[in-house]
Amino acid sequence: MTACLLACGIEPEKTILFQQSLVPLHSELAWILGCLCSVPRLQRLPQWKEKKSSVKEPSVGLLTYPILQAADILLYKSTLVPVGEDQTQHIELTRDLARAFNRLHGTVFPECKMLSGEVPKIRSLRNPTSKMSKSEANSKSRIDLLDSPEVILEKCRKAVTDFTSEISYDPEGRPGVSNLIEIHMAMADLTEDEIVEESFLLAEDTGMYKMRLAGIIAESLAPVRERVIAYRKDPDFLTDVLKEGAAKASLIAEETMEDVRRLVGFR
Amino acid sequence: MSVLRNRGCALARARLSANLCLNSTVAGTLRHKSSTKLGKEAGEGDFAVCQERIFSGIQPTGIPHIGNYAGAISNWVRLQKKFSGNILLSIVDLHSITLPQDRDQLWQNILDMTACLLACGIEPEKTILFQQSLVPLHSELAWILGCLCSVPRLQRLPQWKEKKSSVKEPSVGLLTYPILQAADILLYKSTLVPVGEDQTQHIELTRDLARAFNRLHGTVFPECKMLSGEVPKIRSLRNPTSKMSKSEANSKSRIDLLDSPEVILEKCRKAVTDFTSEISYDPEGRPGVSNLIEIHMAMADLTEDEIVEESFLLAEDTGMYKMRLAGIIAESLAPVRERVIAYRKDPDFLTDVLKEGAAKASLIAEETMEDVRRLVGFR
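Residues numbered from 1 in each chain as written. Chains lettered and ligands numbered in written order. Predicted model: local features only at pLDDT ≥ 70, side-chain atom pairs only at ≥ 80, totals over all residues. Heavy atoms only, no water.

On to the overall build of chain B. Counting secondary structure elements, chain B contains 15 helices and five strands. Across the 379 residues in chain B, those meeting the buried criterion constitute 53%. Long-range pairs, those at least 24 residues apart, make up 76% of the contacts in chain B between residues at least 6 apart in sequence. Carbon and sulfur atoms make up 53% of the accessible area of chain B, which amounts to about 16,500 Å² in all. (Helix = DSSP H or I, 4+ residues; strand = E, 2+ residues; numbered from the N terminus. Buried < 20%, exposed > 50% of the residue type's maximum accessible area, 1.4 Å probe, protein only. Contact = heavy atoms within 4.5 Å. Areas by Shrake-Rupley, 256 points an atom, 1.4 Å probe, with all protein chains shown as cover.)

Right, dumping it as structure tokens:
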């Protein structure tokens, strides 16, 4: 993950990129926040209800996951959190815990808000009504950053489309084809209109478009793929990046926790 | 210090050393290793084999009463002689906030508890005395252990069921208290935990979590056992069927370490007894009087027979005995009281003691966590 983030353009000089467990203050703040959160509050969260049914013996970690998440956010006095709609209730919980702490102990935490932007929602190649996901059983449903051009071609060829020959952008009526166009938009600097027009001018049918798209994807990913492969050969470099990131994160976290500890009565 | 050695809890000491001899025999059959083998292929059965190490936690509830003093605290002072260098005593402030605390009161309580432990004979060169929140690895290990513990398991614990009913909105901290407790114990690879019977299920949980971790990730943690000795159970002066407790509403029910001789006299005078004139030791039939005798035994180097005989020879009635006992208690506590007052005037010294203790604790904790993190996959 570290290799891929760096390969995709995350710059450690601009982004503090770090491994959570290298900053033990996350769990310390999570404990303190846990003392401000009622058990029923966690049990009412939709993600707990979902996960509970799919796992045999749901662990305490699974239940208290949102509290650690709140600690992640509040430890750095974060104000904006770029997450999907499914995290709404967790961000709400984070705000409530911040408010509870501020009221009970003293004002330390700011209000955090979801930063929901217009991000492309790439769907599964085999099941275009669902998001592209690592947990989907069929690996042909997704294109991974390290897939070779041959594998990308194969997956594109097998991507679910429909019986209409030419391509067009119609997410409701033509989810498979529209998903391919979304991927195309993400890989190249084009709008859906430009993509549809180009395909029309090339007199492509869906099959031909898929092959051309596979090439575009492979070409777009090639430099990223190269960098990932290079980074993976240097785990020491990667661990250094994570350690340096943790050191920077710890400076901010330590400052927050000094205030927190004093306000709670530990110092 | 010398007063404690001469007059403190001799009878209890004798009982405890009998138990410790048994433990020593058991300990002798264990292989003492200074390091533990890691990995699934190592160790026999579910646990690592480690040197004996004692862990205890105490809540920062402020100035202890003589029930604490005669019980847990004197026990620690004795254990510290035998396990010097391998005994940890933590003031568990993280645990304390599972119930709402006033910030200034909590900090004062932490300092007061430190002052009292030192005054009662805890020696930082022998016991690692530290403040829990100064070692963030406790919560880190608690998180990891929480991922091995099912929610229903915690909900079945009797203490959760009790606390749940007495608090309006029980917090996640209250529910997961036993997991942090397990982390406290396992972080130091502790093998012995001196606690009361009411902690049995929590120690069981700790063992289960250790076993679960060892099986899933690799053998790191030893088996921990309760170290339940014969410690005096001092009862409430006003309600002798209950333990002497800080939470009892009537403050006359307990004698605090800082009580002046006048206050001690007053509390003894008001202690519930019965209508029989002379004193005798009969816990079932005469709980109030027997409790006073227990207190007397803890404060002086006497058996209950010697105490009853002495009282008889002095031709005392209960009232006279109570007055004499008050004097004995005050005299016994006087040096402790003096030291507490002196320590309280030097909070910087107290925080230094806690910081140095945390540094020593961190060395052990960091070693354990390095293995844990590697076995889990964080490194």
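Here the focus is the overall build of chain A. What chain A contains, in helices and strands, is eleven helices and two strands. Overall, chain A shows an N-to-C arrangement of helices and strands of α-α-α-α-α-β-α-β-α-α-α-α-α. Principal-axis analysis of the C-alpha atoms gives chain A an extent of 75 × 40 × 35 Å. Taking all 267 residues of chain A together, 40% fall into the buried category. Sequence separation of 24 or more characterises 65% of the internal contacts of chain A that already satisfy a separation of 6 or more. With an accessible surface of roughly 14,400 Å², chain A has 54% of that area assigned to carbon and sulfur atoms.

The subject of this paragraph is unusual backbone geometry. All names here are of chain B. With phi around 50°, Lys-189 is a residue other than glycine that occupies positive phi space. With respect to the helices and strands, Lys-189 occurs in the loop between α9 (172–187) and β4 (192–193). In this structure, Ala-315 is a non-glycine residue whose phi angle is positive, near 55°. Tracing the sequence through the fold places Ala-315 in the loop between α13 (304–313) and α14 (318–344).

Another point: a negative patch on the surface. Judged by side-chain charge, Asp-189, Asp-193, Glu-194 and Glu-197 of chain A come together as a negatively charged surface patch. Mapped onto the elements of the fold, Glu-197 of chain A is located in helix α9 (residues 192–201). (Patch = residues over 30% accessible without salt bridge, like charges linked within 9 Å, V, L, I, M, F, W, Y side chains within 5 Å. Salt bridge = Lys/Arg side-chain N within 4 Å of Asp/Glu carboxyl O. Lys, Arg positive; Asp, Glu negative; His and termini not counted. Charge placed at Lys NZ, Arg CZ, Asp CG, Glu CD.)

All names here are of chain A. Under the criterion given, the structure shown has 32 salt bridges over all chains. A salt bridge links Glu-11 to Lys-14; the nearest nitrogen and oxygen atoms lie 3.2 Å apart. For Glu-11, a relative accessible area of 34% gives the class partly exposed. Ionic pairing is found between Arg-261 and Glu-254, a salt bridge with its closest N-O pair at 2.9 Å. We classify Arg-261 as buried; its relative accessible area is 7%.

What follows is about the environment of Leu-333 of chain B. All names here are of chain B. Tracing the sequence through the fold places Leu-333 in helix α14. On the accessibility criterion, Leu-333 (1% relative accessible area) is buried. Spatially, the C-alpha atom of Leu-333 lies 13 Å from that of Glu-262, the residues being 71 residues apart in sequence.

So, about the interface of chain A and chain B. Counting residues at the interface gives 33 residues for chain A, matched by 36 residues for chain B. Summed over both sides, the interface of chain A with chain B buries roughly 2,900 Å², with 67% coming from carbon and sulfur. Taken as a group, Trp-31, Phe-266 and Arg-267 of chain A account for 25% of the area that chain A buries against chain B, more than any other trio of residues on that side. Of all the elements in the fold, those that place two or more residues in the side of chain A that touches chain B are α2 (25–34), α3 (39–43), α5 (60–75) and α11 (235–264) of chain A. The leading source of residues in the side of chain A that touches chain B is α5 of chain A, at seven residues. (Buried area = accessible area lost by both parts, 1.4 Å probe.)

Under the criterion given, the structure shown has seven aromatic pairs over all chains. A ring pair is formed by Phe-55 of chain B and Tyr-188 of chain B, whose centres lie 5.8 Å apart and whose planes are at 5°; its orientation type is stacked. Placement of the pair is Phe-55 of chain B in strand β1 (residues 54–58) and Tyr-188 of chain B in the loop between α9 and β4, with a sequence separation of 133 residues. Both residues of the pair, Phe-55 of chain B and Tyr-188 of chain B, belong to the buried class. When the centroid spacing of 5.7 Å and the interplanar angle of 5° are considered together, the rings of Tyr-343 of chain B and Phe-349 of chain B count as stacked. Among the aromatic residues, those joined into a ring-pair cluster are Phe-55, Phe-130 and Tyr-188 of chain B. A cation over an aromatic ring shows up here: Lys-51 of chain A above the ring of Tyr-65 of chain A, its NZ or CZ 4.2 Å from the ring centre. One Lys or Arg, Lys-163 of chain B, reaches over the ring of Tyr-177 of chain B and ends 4.2 Å from the middle of that ring. (Phe/Tyr/Trp six-rings, centres within 6.5 Å; stacked < 30°, edge-to-face > 60°. Lys NZ or Arg CZ within 6 Å of the ring centre and 35° of its normal.)

Now for the nonpolar core. In terms of nonpolar packing, the biggest core is built from 137 residues, with Leu-117 and Tyr-188 of chain B touching the most fellow members. Not counting residues up to four positions away in its chain, the partners in contact with Tyr-188 of chain B are Arg-53, Phe-55, Leu-88, Phe-130, Val-135, His-138, Ala-361, Ile-364 and Ala-365 of chain B. Among the nonpolar cores identified, the runner-up in size contains 17 residues, and Ala-159, Leu-180, Ala-214 and Ile-217 of chain A belong to it. (Core = buried A, V, L, I, M, F, W, Y, C linked by side-chain atoms within 4.5 Å.)

Moving on, we come to the pairing of strand β2 (residues 87–91) of chain B. Residues and elements named next belong to chain B. Judged by how many residues are buried, β2 sits mostly within the fold: five of five residues are covered. On β2, burial covers both faces: Ile-87, Leu-89 and Ile-91 on one face and Leu-88 and Ser-90 on the other are all buried. As paired elements, β1 and β2 share five bridges and run parallel to each other. For Gly-57, the partnering residue across the bridge sits in β2 and is Ser-90. On the question of chirality, the crossover connecting β1 to the parallel β2 by way of helix α3 (residues 66–82) is right-handed. Where β2 and strand β3 (residues 127–131) come together, five bridges link them in parallel fashion. Bridge pairing in β3 places Leu-88 opposite Ile-128. (Pairing = 2+ DSSP bridges. Right-handed = clockwise from strand over helix to strand, strands pointing away.)

With that settled, consider the confidence of the model for chain B. All names here are of chain B. Chain-level pLDDT for chain B is 87 on average; 88% of the residues reach the 70-or-more range. With pLDDT under 50 throughout, residues 1–43 is counted as low confidence; its partners more than four residues away or in other chains account for 76 contacts. Taken together, the chains of this predicted complex give a pTM of 0.87 and an interface ipTM of 0.90. (pLDDT = per-residue confidence, 0-100.)

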